[in-house]
Amino acid sequence: MSKIAKLDDIVSLCKRRGFIFQSSEIYGGLASCYDYGPLGVELKNNVKKAWWKSTVQMRDDVVGLDCSILMHPMVWKASGHADKFADLIAECKKCNTRTRVDHLKEKPLPSEAEGVTEQAAQHTEHIALDAAMAKARDLSNKVCPNCGTVGRFTEPMPFKLMFETQMGANVDDSMTMHLRPETAQGIFANFRNVLDTTRVKIPFGIAQIGKSFRNEVTTKAFIFRTREFEQAELEFFCEPGTDEQWFEHWKQARFDWYINLGLKKENLRFREHDIDELAHYAKGCVDVEYKFPFGSGDWQELEGIANRTDFDLRQHQRGIRTLNKWYESDGDLTNIELSNEAEEYLKGPLSYFDDQQKKRYIPYVIEPSAGIDRSALAFLVDGYDEEEVRGETRNLLRFSPALAPVKVAVFPLVKKEGMPDIAKNIYNDLKKHFNCFYDEKGAIGRRYRRQDEAGTPFCLTIDGQTLEDNTVTVRDRDSMDQIRVSTDQLTNDLRKKLDM
Ligand code: ATP
């Protein structure tokens, strides 16, 4: 039976083995920002590669994109972020700590046992601020997570989540810009470019992986919610009327992706959003949730899959028509109203002409939106295990081979009788195919344990018998079984085992 990891176990393993460090640690650290170390960057790259492979490479109906983080201010006006991308917060009157209203917990009833009183946080889409306002009724029984005071909060107020920065060196042309809070808008803004430069036809998708920034109110829980993070988003464009079928398709495809990469089924589930929780533009939304080991073992969002209808493309059609007003107001977005010439929508560049059906429409969009860091955390938590082996504790990460930072470690048993030379030759050969690691220092058992903890699926050992019959031992991380494989079969054998 595998051990259920606590967050502390993960944080300490990540630090000890160079997966993840606190940002700017030498200066005391920067809250809610993290750096990926030598093993962490490999893990994260592998999560991205696995997403790209299943979403772009293996499909004929999805193309990729890589947009800039800074975008024209009108993008955020049209998308709704400039006005509405905020969390509802309340400030504790005793200690002045601000908390997201939807993250405040109820005061436990006297009958509830200690430790199990935490309730799952209500889930609120950031952008559904109006709905959140309506819901944020009564805080009289809510507890301040910092000082424990009950029911002494200010009125809930919106807190804007986009980071601001200045662009331009000259006073008269410098302007306030925002770091993107999601990658999706870059895809919508390039919809026409992609249509005009590729052979895609609806239904098709545009995929992007990249950094997003949100000045989150509540952070903590390690890399689960940070202020700078990476998203993997797909906007899948389809004909209105076919959207529900594509929604189901992507729901299943995304769930299967996590399972195929090794997450245990019992730790993963769907959660449909209630009607009053939906962003005003969304027709349907489901979260893929993972049973993260924080708080009392809450289910938490890993990925959101939304039916965004034609909202975004329509909004950008309106945005393009409003551009003149933006110039006239000297770039001040506050009083700009988006153009509302509904009858003009179909003439704009973001409409689509279906040349078989001879009809023009604004496509509907299904959006699976995943977090790379959050997925990496789920893979770390799910793969973590501790076992007693001959009176010693063995820590290991049971990563699927596709995600393992190092695929194969190569060891000479001892540093003599030419074993290091043979081992180095094998290592130099294998590293052309997989990410490998060479180590000749210390007892062999210790070397195995270090690789178990890094999640390396296979360790090869060059020993006395290698000198006689050209075979090496291949040790399996999970079972610790060792078999002998001839050196000329190694690459093929490992390829099969690693499915690469
Ligand atoms: P939450 O309510 O948990 O803050 P959200 O519903 O606002 O998240 P979305 O806007 O749907 O999140 O973002 C899509 C995905 O991006 C999330 O499922 C998550 O994996 C990731 N994500 C969003 N915000 C963060 C963050 N601050 N840190 C890390 N990952 C994030």
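None of the values given here were measured: they were computed from a predicted structure.

A.B. asks: Kindly report on the sheet that holds strand β14 (residues 284-291), identifying the contributing residues and their values.
C.D. replies: Strand order across the open sheet formed by seven strands is β3-β11-β12-β18-β15-β14-β13, with mixed pairing between neighbours. One side of each edge strand has no neighbouring strand; the edge strands of this open sheet are β3 (62-64) and β13 (268-272). Strand-to-strand, the axes of this sheet are offset by a mean angle of 25 degrees, without reference to chain direction. Sheet contacts for helix α2 (residues 38-57): β3, β11 (204-213) and β12 (228-238); angle to β11, the most-contacted strand, approximately 160 degrees.

A.B. asks: Account for the packing of helix α1 (residues 7-16) against helix α11 (residues 372-383), naming residues and giving values.
C.D. replies: Between α1 and α11, the shortest axis-to-axis distance is 10 Å and the interhelical angle comes to 105 degrees. By the criterion of interaxial angle, the relationship of α1 to α11 is roughly perpendicular. Judged by residue contacts, L7, I10 and C14 of α1 engage L377, L380 and V381 from α11. Per-class residue counts for the contact of α1 with α11 are six nonpolar, no polar and no charged.

A.B. asks: Would you mind going over the confidence of the model for the protein in detail, with residue names and values included?
C.D. replies: On average, residues of the protein score 90 in pLDDT, and 92% of them are at 70 or above. Confidence drops under a pLDDT of 50 for residues 113-125, and excluding neighbours within four residues, the segment shows 31 contacts in the predicted structure.

A.B. asks: So what's going on with the side chain of R318? Which residues, and what values?
C.D. replies: Along the chain, R318 turns up in helix α9 (residues 311-321). E337 provides the closest opposite charge to the buried, salt-bridge-free R318, at an N-O distance of 6.1 Å. Non-local contacts of R318, meaning those with residues more than four positions away in its chain, are made with L338, S339, N340 and Y345.

A.B. asks: How would you summarise the sheet that holds strand β21 (residues 408-412) if you had to cite specific residues and measurements?
C.D. replies: Across the sheet, five strands lie side by side as β22-β21-β23-β24-β25; this open sheet has mixed pairing. The sheet is open, and its two borders are formed by β22 (436-438) and β25 (482-486), each paired with just one other strand. In this sheet, neighbouring strand axes are inclined to one another by 25 degrees on average, regardless of whether the strands run parallel or antiparallel. As judged from the five bridges shared by β21 and strand β23 (residues 458-462), these two strands associate in the parallel manner. Its bridge partner being in β23, A409 is matched across the sheet by C459. Strands β21, β22, β23 and β24 (471-476) of the sheet are contacted by helix α12 (residues 419-430), whose axis makes an angle of about 165 degrees with β21. Sitting on the sheet, helix α13 (residues 444-454) touches β21, β22, β23, β24 and β25, and the angle it makes with β21 is about 170 degrees.

About the cut-offs
- Residues numbered from 1 in each chain as written.
- Predicted model: local features only at pLDDT ≥ 70, side-chain atom pairs only at ≥ 80, totals over all residues.
- Heavy atoms only, no water.
- Pairing = 2+ DSSP bridges.
- Helix = DSSP H or I, 4+ residues; strand = E, 2+ residues; numbered from the N terminus.
- Axes fitted to C-alpha atoms, helices over the stretch in contact; angles between N-to-C directions.
- Contact = heavy atoms within 4.5 Å.
- Parallel < 35°, antiparallel > 145°, perpendicular 65-115°, else oblique.
- Nonpolar A, V, L, I, M, F, W, Y, C, P; charged D, E, K, R; others polar.
- pLDDT = per-residue confidence, 0-100.
- Buried < 20%, exposed > 50% of the residue type's maximum accessible area, 1.4 Å probe, protein only.
- Lys, Arg positive; Asp, Glu negative; His and termini not counted.
- Salt bridge = Lys/Arg side-chain N within 4 Å of Asp/Glu carboxyl O.

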